[in-house]
Amino acid sequence: MAETKQFQSLYQGFLKAAQAYPGHPALWVDGQSHTYADLKTYAARLAGAILANEKRGVPLAAVMGYRSFSSYATVLGVLAAGKGYVPLNPTFPPERLGRMLGLSGVEVLVASSEALVLLGQVLEGVNDKLVIICPDEGGAGDLAQRFPAHTWLVSETLDAASSV
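About the thresholds
- Residues numbered from 1 in each chain as written.
- Predicted model: local features only at pLDDT ≥ 70, side-chain atom pairs only at ≥ 80, totals over all residues.
- Heavy atoms only, no water.
- Salt bridge = Lys/Arg side-chain N within 4 Å of Asp/Glu carboxyl O.
- Helix = DSSP H or I, 4+ residues; strand = E, 2+ residues; numbered from the N terminus.
- Pairing = 2+ DSSP bridges.
- Phe/Tyr/Trp six-rings, centres within 6.5 Å; stacked < 30°, edge-to-face > 60°.
- Buried < 20%, exposed > 50% of the residue type's maximum accessible area, 1.4 Å probe, protein only.

**Q** Before we go on, may I ask you to explain the pattern of salt bridges in this structure?
**A** Side chains carrying opposite charge are able to pair once their charged atoms draw close together. Taken as a whole and judged by the stated rule, the model has two salt bridges. Its salt-bridge partner being glutamate 54, residue lysine 83 comes within 2.6 Å of it at the nearest N-O pair. Placement of lysine 83 in the loop between helix 3 (69-80) and strand 4 (84-88) and of glutamate 54 in the loop between helix 2 (36-53) and strand 3 (60-64) is noted, with a sequence separation of 29 residues between them. Between glutamate 124 and arginine 146 there is a salt bridge, with the nearest N and O atoms lying 3.2 Å from each other. A residue pair is termed long-range when its members are at least 10 positions apart, and glutamate 124 in the loop between helix 5 (116-123) and strand 6 (131-134) and arginine 146 in helix 6 (residues 143-146) qualify at 22 residues.

**Q** In this structure, what is going on with the pairing of strand 2 (residues 32-35)? I would like to understand it.
**A** With four bridges connecting them, strand 1 (residues 25-29) and strand 2 associate as antiparallel partners. Across the sheet, proline 25 pairs through a bridge with threonine 35, a residue of strand 2. Hairpin geometry of strand 1 and strand 2 is characterised by an intervening segment of two residues between the two adjacent antiparallel strands and by a positive phi of about 55° at aspartate 30.

**Q** Please clarify how the packing of aromatic side chains should be interpreted in this entry.
**A** This structure, assessed with the given rule, holds three aromatic pairs. On the basis of an interplanar angle of 35° and a centroid distance of 5.9 Å, the ring pair of phenylalanine 14 and tyrosine 36 is categorised as tilted. Residue phenylalanine 14 is located in helix 1 (residues 10-20), and its partner tyrosine 36 is located in helix 2; the two are separated by 22 residues in the primary sequence. For phenylalanine 14, a relative accessible area of 9% corresponds to the buried category.

The structure is reproduced here in structure tokens:
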């Protein structure tokens, strides 16, 4: 009989590495190195915002981003909140992303700065009310005004949310 190993989630494995090596490089993206501590802080901040603002407790959250520190760290934040994630690649057509968003039934959408250019087009076909989190500086610009039915959290308001 084979020895059974205890299941360990991706986020639990990340936390172990972050505790053991907080100052070590964990991610290299856009010509910049980011430490485990950087990623852990970002993920905890985002997880707190997700948990503090969700209403229905849907087990999935959408992540709209592409190869940025924010998009990678957002995946960790969603996992830290105890959710699975629906990856929305901003290189896809907006109609397709809107359909994916609607079919997934998510309540929370996290959009990195590189996805904001496309976000308005994606939201035009979405009927469900979402909690939309824009964690990067610069936030959502005029999108919150164009789509007031959604709850918008931008970089400046995330710190008010509890952290995990």
